[in-house]
Amino acid sequence: MNDVYILAVESSCDDTSIAIVKNGCECISLSISSQIDVHNMYGGVVPELASRMHCENILYVLEDCLKKCNITIKNINAIAVTYKPGLLGSLLVGLEFAKTLAFIYNKPLIGVNHLIGHIYANNLEDKLQFPLLALVVSGGHTEISIMHDNYHFELLGSTLDDAIGESFDKVARVLGYPYPGGPSIEKAALIGKNTYNLPRPVNDETYNFSYSGLKSQVINIVNNAKQKNIEINKEDLACSFQTVAIDEIVRKVELALKNTNIKRLALAGGVSANKYLKNNLQILCDKYGAKLYKPSIIYCTDNAAMIGAAAYPLYLNNDFKDLTLDANSNADLVA
Ligand code: KG4
Ligand code: ZN
């Protein structure tokens, strides 16, 4: 079979990204334009600004992506795009851009679920074998599922309220660290100690998660200290929060490994950049004789290469969309 080159577009949140991926597993070129500096001034992503900046940047991102390789759009087999979930305005920019490319160059259009993209990011480095447990931990989602085969998911559980990444971002904000909060908390936690006694979320045997209570507890500690003029040890609080937040993920993954007897775990989403999480999952996988798939940092956070990787099985199935494809801001792995 001839090689398949997919040009993928990702704009679901605050990164504008375009990539060219060969056969779903080799990233030929990747360009990412981050908007972090702008959103940082507001302490989080401002949706209106995000859409505006995607509009301003997307053509330059395409130009940069094509410049970095010797492939022209004419040699591309299909155009893939994230169409759910994410910020509606942001999704629409990438979607309309991808549709325009597909129309002008007469290429098939492939719609990709952003969360599934995060899981397939692993394929760029190590081919996923099935069945596996997929753990998606990002700014918008926290869910664990069984992946029986390509695009065959069985959801085991998800967060009942906040996503884990969202709680990192909110805790970082109250502690005065910049957006996105995950990397700031991780850095502070390295210096700090687990001294604050924070409650363990959803202390049960389901696969569900909850981060709203934990986040509120940290916010209360900070606010009470301010009122009483007591000094907070920010590094210790960051470390205590990270320990509880991540340990809960690890505990639920252990439950899933034990109950399903599945011997593979694929880590996905922005929070998978966290070394405390990766190290503890590695220890857990070693204990259960399971293989851990973990993307390198560049493929952990939002990028278009993962969308190109996730589009490949759809391409092989001739699962193409027409130009009426619409964006959907709310979706999980299976809907
Ligand atoms: O997957 P992603 O780039 O965007 C979404 O699809 O949401 O994930 C972004 C999230 C943010 O909440 C960010 O704080 C978190 O991933 N994150 C981290 C780390 N790096 C990024 N969380 C914990 N530790 C990190 N090192
Ligand atoms: Zn993401």
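Being a predicted model, the structure only gives us computed values, none of them experimental.

Draft legend 1. Examining the overall build of the chain more closely. A tally of helices and strands in the chain yields 11 helices and 10 strands. In terms of overall size, the chain behaves like a compact globule, its C-alpha atoms giving a radius of gyration of 20 Å where 335 residues would be expected to give roughly 20 Å. Taking the principal axes of its C-alpha atoms as reference, the chain extends roughly 65 × 45 × 30 Å. Relative to its 335 residues, the chain shows a buried fraction of 56%. Nonlocal contacts in the chain, meaning residues at least 24 apart in sequence, comprise 74% of its contacts between residues at least 6 apart. Counting only carbon and sulfur atoms, one obtains 50% of the accessible surface of the chain, whose full area is about 14,500 Å². Of the charged side chains in the chain, 29 are positive and 35 negative; the average position of the first set lies 3 Å away from that of the second.

Draft legend 2. Highlighting the coordination of the zinc ion (ligand 2). All of the protein donors around the zinc ion (ligand 2) are H114 (NE2), H118 (NE2) and D302 (OD); their distances to the metal are 2.0 to 2.1 Å. As a motif over one chain, the donors of the zinc ion (ligand 2) read H-x3-H-x183-D. Of the two residues, H114 and H118 both sit in helix α4 (residues 114–120), 4 residues apart, roughly one turn of that helix. The exposure classification of H114 matches that of H118, with both residues buried.

Draft legend 3. Examining the packing of aromatic side chains more closely. On inspection of all chains with the given rule, the structure shows 3 aromatic pairs. Relative to F241, the ring of F168 lies with its centre 5.0 Å away and its plane at 70 degrees, an arrangement referred to as edge-to-face. Of this pair, F168 sits in helix α5 (residues 164–175) while F241 sits in helix α8 (residues 234–260), and the two are 73 residues apart along the sequence. Taken as a pair, F168 and F241 share a single burial class, namely buried. For the pair Y315 and F320, a centre-to-centre distance of 5.8 Å together with 65 degrees between the ring planes defines the contact as edge-to-face. Looking at Y315, the relative accessible area reads 18%, which means it is buried. Its end group placed over the ring of Y177, K234 keeps NZ or CZ at 4.7 Å from the ring centre.

Draft legend 4. Focus on the packing of α8 against helix α9 (residues 275–288). Look at α8 against α9: their axes get within 10 Å of each other, and the N-to-C directions meet at 25 degrees. As the angle between them shows, α8 and α9 are arranged roughly parallel. Note that α8 runs across α9; the crossing there is right-handed. Residues Q242, T243, I246, D247, I249, V250, V253, E254, L257 and K258 of α8 touch α9, and the partners they reach there are Y276, L277, N280, L281, L284, K287 and Y288. Residues of the contact of α8 with α9, tallied by class, amount to 10 nonpolar, 3 polar and 4 charged.

Draft legend 5. Layout of the site of ligand 1. Close contacts around ligand 1 come from 20 residues, with H118, G139, D169, E186 and G270 the closest. Backbone polar atom of G165 to an oxygen atom of ligand 1: 3.1 Å apart, as the coordinates give it. Here ligand 1, which alone exposes 550 Å², has 89% of that area covered by the protein. Mapped onto the shell around ligand 1, the elements with two or more residues apiece are α4, α5 and α6 (181–191). A breakdown of the residues in the shell around ligand 1 according to their chemical character gives 5 nonpolar, 12 polar and 3 charged.

Draft legend 6. A look at α8. Over its 27 residues, α8 runs 39 Å from end to end, which matches the ideal 39 Å to within 8%, given 1.5 Å per residue. Within α8, 21 of the 27 residues are buried, which leaves the element mostly enclosed by the surrounding structure. Where α8 starts, the residue carrying a side-chain oxygen 3.2 Å from the main-chain nitrogen of E235 turns out to be N233. Looking at the residues trailing α8, positive phi occurs at N261, about 60 degrees.

Analysis parameters
- Residues numbered from 1 in each chain as written.
- Chains lettered and ligands numbered in written order.
- Predicted model: local features only at pLDDT ≥ 70, side-chain atom pairs only at ≥ 80, totals over all residues.
- Heavy atoms only, no water.
- Helix = DSSP H or I, 4+ residues; strand = E, 2+ residues; numbered from the N terminus.
- Rg over C-alpha atoms; globule rule 2.2 N^0.38 Å.
- Buried < 20%, exposed > 50% of the residue type's maximum accessible area, 1.4 Å probe, protein only.
- Contact = heavy atoms within 4.5 Å.
- Areas by Shrake-Rupley, 256 points an atom, 1.4 Å probe, with all protein chains shown as cover.
- Lys, Arg positive; Asp, Glu negative; His and termini not counted.
- Charge placed at Lys NZ, Arg CZ, Asp CG, Glu CD.
- Donors = N, O, S within 2.8 Å, 3.2 Å for Na, K, Ca; no water.
- Phe/Tyr/Trp six-rings, centres within 6.5 Å; stacked < 30°, edge-to-face > 60°.
- Lys NZ or Arg CZ within 6 Å of the ring centre and 35° of its normal.
- Axes fitted to C-alpha atoms, helices over the stretch in contact; angles between N-to-C directions.
- Parallel < 35°, antiparallel > 145°, perpendicular 65-115°, else oblique.
- Left-handed = near helix turned anticlockwise from the far one by under 90°.
- Nonpolar A, V, L, I, M, F, W, Y, C, P; charged D, E, K, R; others polar.
- Near = heavy atom within 4 Å.
- Polar contact = N/O pair within 3.5 Å; in protein donor to acceptor, adjacent residues only side chain to side chain.
- Expected span 1.5 Å × (residues − 1).

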